[in-house]
Amino acid sequence: MAGSTERINNGVVTGGVEDAYGEDRATEDQPVTPWAVCIASGHSLLRDPRHNKGLSFTEKERDAHYLRGLLPPVVLSQDLQEKRLLQNVRQFEVPLQRYMALMDLQERNERLFYKLLIDNVEELLPVVYTPTVGEACQKYGSIFRRPQGLYISLKEKGRILEVLRNWPEKSIQVIVVTDGERILGLGDLGCQGMGIPVGKLALYTALGGVRPSACLPITIDVGTNNEDLLKDEFYIGLKQRRATGQEYSELLDEFMTAVRQNYGQKVLVQFEDFANHNAFTLLEKYRENHLVFNDDIQGTAAVVLAGLIASLKSVGGTLADHTFLFFGAGEAGTGIAELVALEISRQAKVSVEEARKKIWLVDSKGLIVTSRNDTLQPFKKRYAHEHEPVKDLLGAVKAIRPTALIGSAGVGRSFTKEVIEAMSSINERPIILALSNPTSQSECTAEQAYTWSQGRAIFGSGSPFDPVKYNDKLFVPAQANNAYIFPGFGLGVVISEAVRVTDDMVLAAAEGLADQVTPEHIDKGLIYPPFSIIRKISASIAARVAAKAYDLGLASQLPRPKDLVKYAESCMYTPVYRSYR
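Remember, predicted model here, so these are calculated numbers, not experimental data.

Conventions adopted
- Residues numbered from 1 in each chain as written.
- Predicted model: local features only at pLDDT ≥ 70, side-chain atom pairs only at ≥ 80, totals over all residues.
- Heavy atoms only, no water.
- 1 Å grid on protein atoms, 1.4 Å probe; cavity = no way out; pocket = protein on both sides within 12 Å on 5 of 7 lines; lining within 4 Å.
- Points joined across faces, edges and corners; volume = space filled by probe spheres on them.
- Helix = DSSP H or I, 4+ residues; strand = E, 2+ residues; numbered from the N terminus.
- Nonpolar A, V, L, I, M, F, W, Y, C, P; charged D, E, K, R; others polar.
- Pairing = 2+ DSSP bridges.
- Axes fitted to C-alpha atoms, helices over the stretch in contact; angles between N-to-C directions.
- Parallel < 35°, antiparallel > 145°, perpendicular 65-115°, else oblique.
- Contact = heavy atoms within 4.5 Å.
- UniProt positions renumbered as here; feature names shortened; annotations may be inferred.
- Polar contact = N/O pair within 3.5 Å; in protein donor to acceptor, adjacent residues only side chain to side chain.
- Buried < 20%, exposed > 50% of the residue type's maximum accessible area, 1.4 Å probe, protein only.
- Left-handed = near helix turned anticlockwise from the far one by under 90°.

Draft legend 1. Main features of empty space enclosed by the protein. If you walk through the whole model with that rule in mind, you get 3 cavities of 30 Å³ or more. Taken as a whole, the largest cavity spans an internal volume of roughly 150 Å³. Around the largest cavity sit Tyr 99, Met 100, Met 103, Asp 104, Glu 107, Tyr 140, Ile 143, Phe 144, Arg 145, Arg 146 and Gln 148, which together line it. At the level of elements, α4 (95-108) and α8 (140-143) are the ones that each hand at least two residues to the lining of the largest cavity. With 5 residues, the top contributor of residues to the lining of the largest cavity is α4. Counted by class, the lining of the largest cavity contains 6 nonpolar, 1 polar and 4 charged residues. Considering the residues around the second largest cavity, the lining is formed by Met 256, Val 259, Arg 260, Gly 264, Gln 265, Val 267, Val 269, His 290 and Leu 291. Considering every element that reaches the lining of the second largest cavity, the biggest residue donor is helix α12 (residues 245-263), with 3 residues. Class assignment of the residues belonging to the lining of the second largest cavity gives a composition of 5 nonpolar, 3 polar and 1 charged.

Draft legend 2. Quick peek at the sheet that holds strand β6 (residues 268-271). The 5 strands are arranged β3-β5-β4-β6-β7 in an open sheet whose pairing can be described as parallel. Either end of the sheet is taken by a strand with one partner, and the two such strands are β3 (150-153) and β7 (292-294). In this sheet, adjacent strand axes meet at a mean angle of 25° when their direction is disregarded. Bridging between β6 and β7 involves 3 bridges; their strand directions are parallel. Counterpart to Val 269 in the pairing with β7 is Val 292.

Draft legend 3. Summary view of the packing of helix α10 (residues 195-208) against helix α24 (residues 534-551). Two numbers describe how α10 lies on α24: the axes approach to 8 Å, and their chain directions differ by 95°. When the axes of α10 and α24 are compared, the pair comes out roughly perpendicular. Contacts between α10 and α24 involve Thr 205, Ala 206, Leu 207 and Gly 208 from the first element and Ile 534, Arg 535 and Ser 538 from the second. A per-class count over the contact of α10 with α24 returns 3 nonpolar, 3 polar and 1 charged.

Draft legend 4. Representation of the UniProt feature "binding site: (S)-malate" (unreviewed entry) in the protein chain within the structure. Look at the UniProt record and you will see "binding site: (S)-malate" (unreviewed entry) annotated at Arg 182, Asn 437 and Asn 481. Of the annotated set, the members that line the largest pocket are Arg 182, Asn 437 and Asn 481. Positionally, Arg 182 belongs in the loop between β4 (174-178) and α10. Setting aside anything within four residues of it in sequence, one finds Arg 182 in contact with Gly 187, Asp 273, Phe 274, Ala 275, Asn 276, Asp 296 and Glu 331. There is a polar contact of 2.8 Å between the side chain of Arg 182 and the backbone oxygen of Leu 184. Take Asn 437: it is sitting in the loop between β12 (431-434) and α20 (446-452). Using a relative accessible area of 19% as the deciding quantity, one classes Asn 437 as buried. Leave out the neighbours within four places in its chain, and Asn 437 touches Thr 130, Leu 184, Gly 185, Gly 462 and Ser 463.

Draft legend 5. Geometry of the UniProt feature "active site" (unreviewed entry) in the protein chain. When the UniProt feature table is mapped onto this chain, "active site" (unreviewed entry) is found at Tyr 129 and Lys 200. Judged by maximum C-alpha separation, these annotated positions cover 72 residues in sequence but sit close together in space, the widest gap being only 7.5 Å. Taking the annotated residues in turn, Tyr 129 and Lys 200 line the largest pocket. Checked against the element boundaries, Tyr 129 lands in the loop between α6 (121-128) and α7 (132-138). Given the relative accessible area of 5%, Tyr 129 is considered buried. Each residue touching Tyr 129, except ones within four places of it in the same chain, is listed here: Ile 196, Gly 199, Lys 200, Leu 203 and Glu 272. Within the fold, Lys 200 resides in helix α10. Discounting chain neighbours no more than four positions away, the residues touching Lys 200 are Tyr 129, Val 176, Gln 270, Glu 272, Asp 295, Asn 482 and Phe 486.

Draft legend 6. Representation of the packing of α6 against α10. Packing of α6 against α10 brings their axes to within 10 Å, and their N-to-C directions diverge by 160°. Judged by the angle between their axes, α6 and α10 are roughly antiparallel. Handedness of the crossing formed by α6 with α10: right-handed. Seen from α6, the contacting residues are Val 121, Leu 125 and Val 128; seen from α10, they are Gly 199, Leu 203 and Leu 207. When grouped by side-chain class, the residues that make up the contact of α6 with α10 number 5 nonpolar, 1 polar and no charged.

Rendered as structure tokens:
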């Protein structure tokens with residue numbers, strides 16, 4: 001047997017059952033017969049998703065671990081299991097049913113789940129993440145089966161370190177945390193936002209190769225202002241309105257302190273789907289003393305900047321030669337704008353203040369101009385330029401005459417036919433990025449962009465769209481998905497053991513992604529490489545990020561590897577079944 005800590009009490013075998021992995025599977029005083037010990041050992045393999053191989057356990061493994069009879073007699077390869085599971089998933093016509101089937105698989109056979117996702121990433125990415133994860137979060141209370149992450153609520157204030165220590169894994173490298181206030185374009189979903197950290201970390205493993213055991217999804221529950229959830233008998237979170245001000249700040253301070261105390265200073269904390277008024281504040285507050293990253297601000301900015309850099313391979317010139325108009329001035333829009341300004345500053349060797357003059361923003365009240373300064377939030381003021389007030393997007397396009405129009409306002413179908421025709425009259429190849437998620441919130445569809453621009457638009461979107469045929473030419477829409485950036489970025493931070501995240505590291509990630517776009521991709525209208533090679537892309541981005549961390553003296557993994565791309569690839573988790581003795 002793999003191992004046991006047995007003792008004899010009055011003729012009865014008692015003791016903890018220690019399986020092949022050194023994990024105690026029974027309480028110390030639980031009476032167990034030798035037969036029960038064997039069954040416990042077999043069950044521990046079948047019930048532990050990390051070690052379960054299902055019907056792939058060999059004849060020798062079944063005998064060694066007392067699995068004989070607990071499984072049907074057939075032995076299937078992992079590839080055949082994958083083929084069967086893919087067929088099963090495809091039978092579901094409703095995306096949410098596919099999502100639930102994949103989550104069930106993850107909970108019972110971790111390696112098969114990741115192999116299925118890696119090998120079929122283009123097909124399954126929209127299922128495990130946007131847009132399906134949005135619906136999953138909306139219905140999370142109804143579909144909840146078992147906890148997939150750690151829940152920290154106001155009830156745990158003063159005890160957060162204790163709660164973190166309840167998590168069974170002790171070696172954590174990446175934490176994705178949300179407070180559920182701004183889930184995708186769906187608003188405040190409170191505790192049900194847990195689907196986002198769970199989905200993000202699944203992609204950290206599948207696309208970036210970070211070990212699943214090193215990933216920790218966390219939801220911080222401070223209440224919700226969603227009246228429907230407060231009245232929902234199946235809602236799984238605190239039924240109270242959101243805590244704000246000092247109470248909120250103190251809880252987040254305790255959380256960040258506890259994370260550092262429990263896991264050290266080299267665990268990456270990724271903030272996810274916090275509302276604007278907290279997202280910027282938290283990033284600025286903690287970035288100097290903690291290893292933090294906000295995917296909505298920095299990740300979105302990096303993937304969009306990469307798309308803009310790649311677009312120049314078609315339209316020509318440098319970033320400094322173009323004018324950018326953003327529809328949306330929240331955390332995503334201003335985060336993208338700031339990274340674009342930083343890149344212009346670096347390339348053109350001008351100040352960031354000078355670079356910002358190439359960038360204009362439109363919010364719900366119109367074009368952001370200096371005459372509005374008294375009513376603007378601080379992060380918007382830096383983009384308030386001298387200009388007459390303009391109330392709507394179409395007017396702003398005609399007045400500013402931008403090269404690129406970038407939507408991040410979460411206002412569906414706001415890029416009207418008139419707006420895109422105006423962009424097309426100004427530019428031979430207008431850059432149209434409709435970034436809002438989910439699909440219903442997209443500023444325009446791919447078909448609308450290509451049709452209204454007479455096939456001349458360089459189009460990218462936040463949600464996936466099918467290829468479009470226009471005038472006998474097939475256009476393949478590019479998806480500006482953050483999944484291009486954050487898995488590789490996180491891997492780069494992990495392998496270099498960086499102690500801080502800087503803007504230069506984010507720029508390095510964006511440039512690394514843009515470099516993966518080939519002339520062949522551009523010919524097809526793509527400004528991002530295909531997801532089919534995402535792990536190769538992630539390794540390249542990880543190497544760029546790690547190199548920058550070393551250059552800045554922020555890496556603590558020494559000595560520096562000679563070939564960072566090969567080193568990144570060697571560190572990536574692969575979900576092939578192990579052999580058990």
